[in-house]
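Summary of the model geometry
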Amino acid sequence: MSQRKTFPIDAARVRAVVFDLGGVFLEGGPSSVAAFGERIGLAPERWDALRHELFVLGDAWDRVERGEAPLDAFATLLRERLAAEGVRIDQAEARDFMGSPGDRAAMPVRPEIVAACLALRRRMPTALLTNNIAEWRPAWRRRMDTARLFDLVVDSSEVGTRKPEPAIYRLVEQGLGLPGAALLFVDDLGVNLKTARELGWQTIKFERTADMVAALDALAAAHPVRR
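Residues numbered from 1 in each chain as written. Predicted model: local features only at pLDDT ≥ 70, side-chain atom pairs only at ≥ 80, totals over all residues. Heavy atoms only, no water.

1. A word on unusual backbone geometry
Negative phi is the rule for most residues except glycine; trans is the rule for most peptide bonds. Cis geometry marks the peptide bond from Lys-163 to Pro-164, where omega comes out at 10 degrees. Tracing the backbone shows Pro-164 in the loop between α9 (156-159) and α10 (166-176). (Helix = DSSP H or I, 4+ residues; strand = E, 2+ residues; numbered from the N terminus.)

2. Some thoughts on the nonpolar core
Grouped together as the largest cluster of nonpolar side chains are 51 residues, with contacts concentrated most on Val-17, Phe-19, Phe-25, Trp-61, Leu-78, Leu-82 and Val-186. When residues of this core are traced back to their parent elements, those giving at least two are β1 (16-19), α1 (30-40), α2 (44-57), α3 (60-65), α4 (71-84), α6 (111-121), β4 (183-187) and α12 (209-221). Looking at which element gives the most residues to this core, the answer is α12, with 6 residues. In this structure, Leu-129, Val-172, Leu-183 and Leu-199 belong to the second largest nonpolar core, which totals 18 residues. (Core = buried A, V, L, I, M, F, W, Y, C linked by side-chain atoms within 4.5 Å. Buried < 20%, exposed > 50% of the residue type's maximum accessible area, 1.4 Å probe, protein only.)

3. A closer look at the pattern of salt bridges
Applying the stated criterion across every chain, the model contains 19 salt bridges. When the shortest N-O distance is used, the salt bridge between Arg-95 and Asp-72 registers 3.1 Å. Residue Arg-95 is found in helix α5 (residues 91-95), and its partner Asp-72 is found in helix α4; the two are separated by 23 residues along the sequence. Judged by its relative accessible area of 34%, Asp-72 falls in the partly exposed class. Asp-151 is the salt-bridge partner of Arg-121, the closest N and O atoms lying 3.1 Å from each other. (Salt bridge = Lys/Arg side-chain N within 4 Å of Asp/Glu carboxyl O.)

4. Quick word on the side chain of Arg-143
Mapped onto the fold, Arg-143 is located in helix α7 (residues 137-143). For Arg-143, a relative accessible area of 15% puts it in the buried group. Engagement of the side chain of Arg-143 in a polar contact is seen with the backbone oxygen of Met-107, the distance being 2.7 Å. (Polar contact = N/O pair within 3.5 Å; in protein donor to acceptor, adjacent residues only side chain to side chain.)

5. A word on a negative patch on the surface
On the surface, a cluster of negative charge is contributed by Asp-90, Glu-93, Asp-96 and Asp-103. Looking at Glu-93, the relative accessible area reads 38%, which means it is partly exposed. (Patch = residues over 30% accessible without salt bridge, like charges linked within 9 Å, V, L, I, M, F, W, Y side chains within 5 Å. Areas by Shrake-Rupley, 256 points an atom, 1.4 Å probe, with all protein chains shown as cover. Lys, Arg positive; Asp, Glu negative; His and termini not counted. Charge placed at Lys NZ, Arg CZ, Asp CG, Glu CD.)

6. Some details on α10
The α-helix winds at 3.6 residues per turn, so residues separated by three or four positions along the chain end up facing the same way. Along α10, the residues classified as buried are Ile-168, Tyr-169, Val-172, Glu-173 and Leu-176. Buried residues of α10, viewed axially, fall in a sector of 150 degrees; they line one side. At its buried positions, α10 is contacted by β1, β2 (126-130), β3 (152-155), α9, β4 and α11 (190-198). (Arc of directions from axis to C-beta. Contact = heavy atoms within 4.5 Å.)

7. Topic: the side chain of Asp-20
As for its position among the elements, Asp-20 is in the loop between β1 and α1. Looking at Asp-20, its side chain comes within polar contact range of the side chain of Lys-163, at 2.9 Å. Asp-20 has contacts with Phe-25, Leu-128, Leu-129, Thr-130, Lys-163, Phe-185, Val-186, Asp-187 and Asp-188, leaving out every residue within four places of it along the chain.

Here it is as structure tokens:
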């Protein structure tokens, strides 16, 4: 049996918890992107190189997540780059490179995280901080009862900035009315957590559901129920 991972959190300092969406509440996300190359028949090393070009070196996807460009613009670019690699796909396949947060089969909700969030919200404010796109917003909001789960929702495509840009973290601080030192952030990507830590937030990297639930339950137990 694997040993449960623990996280060095100063529970007394935490006055609100901020959650990522894809990869935390929803399965999939980056893992779905990584699997896309195999699905369309592109060699893993070529897809890895193309992913680096599109998501690290370039800003095409960043612009979609900031609401500056439509999903179809990125899908067209992806098709062009894949065609140069000898792989041809249609626009619908290109748009679905990550799946969609509205797809219940590809990105199922983790009910344990929902329950842990609700338990925490009885004790302190909770917020959602998500890099997302306008085209997906109606679908994932139908699946996530944001009014029940969160005091604040910050969606990159609505506010024009994205993780790991500091400005979007500042919007969370302003929306909650709390300094970074009072916040705990849960995300599955280290690059997003790095900025949060630089701004004084405490962080937990999501890796296993059981570990995360244990950490969140322990945090909830350290605080009284809000009146």
